[in-house]
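Observations on chain architecture
Each chain, written out:
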Amino acid sequence: MKTLAVPLFLIALICLALPLRAQDAAKDADAVDPKRAAAAEALLKAMHVDALMERQKQSLKDMFAAQLPKNLPPEEFQRVKAAQDAGLEICFEELSWETLKPDFIRIYSEVYTEQELRDLASFYNSPTGQKFLEHMPELQAKTGEILNKRMIALMPAIRAAAAKAAGQVRGSGTPASGSESPQATPEKIPLPPEHPQF
């Protein structure tokens, strides 16, 4: 059952702390000024954070699905998938928007004043604010592509600098008398990947 170890461990790690954190969040939310909390909730609604959370849940599903080994016999594959789905279902119950909303309200209430929250909600409720939210995934994807291209172009220089530094470390090594310490060589130094992904 080694194929289950990583996905189920990650699921367990995510879920174990959630019930206690949800209780703490509810207590924290009670301590927030009601007017500021209401303004924070209105802002979160304008930002469609609930829909964003649903998309993130789908991304999590896709990520774990991609980790499933495809070379298993059909019966074993279904057993592994069923175990993974059961673990994710527990997570999704605890990661529902209604469960997390008190935490979000508290965080936004701590950072912004009531008036600032109202101003932000007005912006996000405006056509411009809604367009900003609508195109945010596209903007993030395009900025990621730009960073990726620039990093790929820089990789030869970065790898050459890393290899040169490794050679300098090797040249400055001084083994203790009567013994020979293993020296770092450019070949042994982990270098950045040739094609990083953001």
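Residues numbered from 1 in each chain as written. Predicted model: local features only at pLDDT ≥ 70, side-chain atom pairs only at ≥ 80, totals over all residues. Heavy atoms only, no water.

A count of helical and extended segments in the protein gives eight helices and zero strands. Moving toward the C terminus, one meets the helices and strands of the protein in the order α-α-α-α-α-α-α-α. Out of the 198 residues in the protein, the part that is buried amounts to 24%. Long-range contacts, defined here as pairs at least 24 residues apart, represent 77% of the contacts in the protein between residues at least 6 apart. About 13,600 Å² of surface is accessible on the protein, with carbon and sulfur atoms providing 61% of the total. (Helix = DSSP H or I, 4+ residues; strand = E, 2+ residues; numbered from the N terminus. Buried < 20%, exposed > 50% of the residue type's maximum accessible area, 1.4 Å probe, protein only. Contact = heavy atoms within 4.5 Å. Areas by Shrake-Rupley, 256 points an atom, 1.4 Å probe, with all protein chains shown as cover.)

A few words now on the pattern of salt bridges. Scanning the entire structure with this criterion turns up nine salt bridges. Glu-41 is paired through a salt bridge with Lys-101; the nearest N and O atoms lie 3.0 Å apart. Placement of Glu-41 in helix 3 (residues 34-46) and of Lys-101 in helix 6 (residues 97-111) is noted, with a sequence separation of 60 residues between them. For Glu-41, a relative accessible area of 36% translates into the label partly exposed. (Salt bridge = Lys/Arg side-chain N within 4 Å of Asp/Glu carboxyl O.)

Taken as a whole, this structure holds five aromatic pairs when the rule is applied. Ring geometry for Phe-123 against Tyr-124: centres 5.0 Å apart, planes inclined by 65°, an arrangement best described as edge-to-face. Looking at Phe-123, the relative accessible area reads 35%, which means it is partly exposed. Seen from their ring centres, Tyr-124 and Phe-132 are 6.3 Å apart, and the 45° between their planes marks the pair as tilted. Owing to a relative accessible area of 35%, Phe-132 belongs among the partly exposed residues under this scheme. Aromatic rings pair up to connect Phe-123, Tyr-124 and Phe-132 into one cluster. (Phe/Tyr/Trp six-rings, centres within 6.5 Å; stacked < 30°, edge-to-face > 60°.)

Here we come to the nonpolar core. Residues Leu-43, Val-49 and Tyr-124 are the most contacted members of the largest nonpolar core, which totals 19 residues. For this core, the secondary structure elements donating two or more residues are helix 3, helix 4 (49-67), helix 6 and helix 7 (114-125). The dominant element in this core, judged by the number of residues it contributes, is helix 3, at six residues. Not counting the four nearest positions on each side in its chain, Val-49 is found in contact with Leu-44, Trp-97 and Phe-104. (Core = buried A, V, L, I, M, F, W, Y, C linked by side-chain atoms within 4.5 Å.)

On to the packing of helix 4 against helix 6, then. Relative orientation of the contacting elements helix 4 and helix 6 amounts to 120°, with a least axis distance of 11 Å. Judged by the angle between their axes, helix 4 and helix 6 are oblique. The handedness of the crossing between helix 4 and helix 6 is right-handed. Contacts from Val-49, Asp-50 and Met-53 of helix 4 reach helix 6 at Trp-97, Leu-100 and Phe-104. Within the contact of helix 4 with helix 6, the residues separate by chemical class into five nonpolar, no polar and one charged. (Axes fitted to C-alpha atoms, helices over the stretch in contact; angles between N-to-C directions. Parallel < 35°, antiparallel > 145°, perpendicular 65-115°, else oblique. Left-handed = near helix turned anticlockwise from the far one by under 90°. Nonpolar A, V, L, I, M, F, W, Y, C, P; charged D, E, K, R; others polar.)

So, about unusual backbone geometry. Trans is the prevailing form of peptide bonds, just as negative phi is the prevailing case for residues other than glycine. Of note in the backbone geometry, His-48 takes a positive phi value of approximately 55° without being a glycine. Note on placement: His-48 falls in the loop between helix 3 and helix 4. Judged by its relative accessible area of 36%, His-48 is partly exposed.

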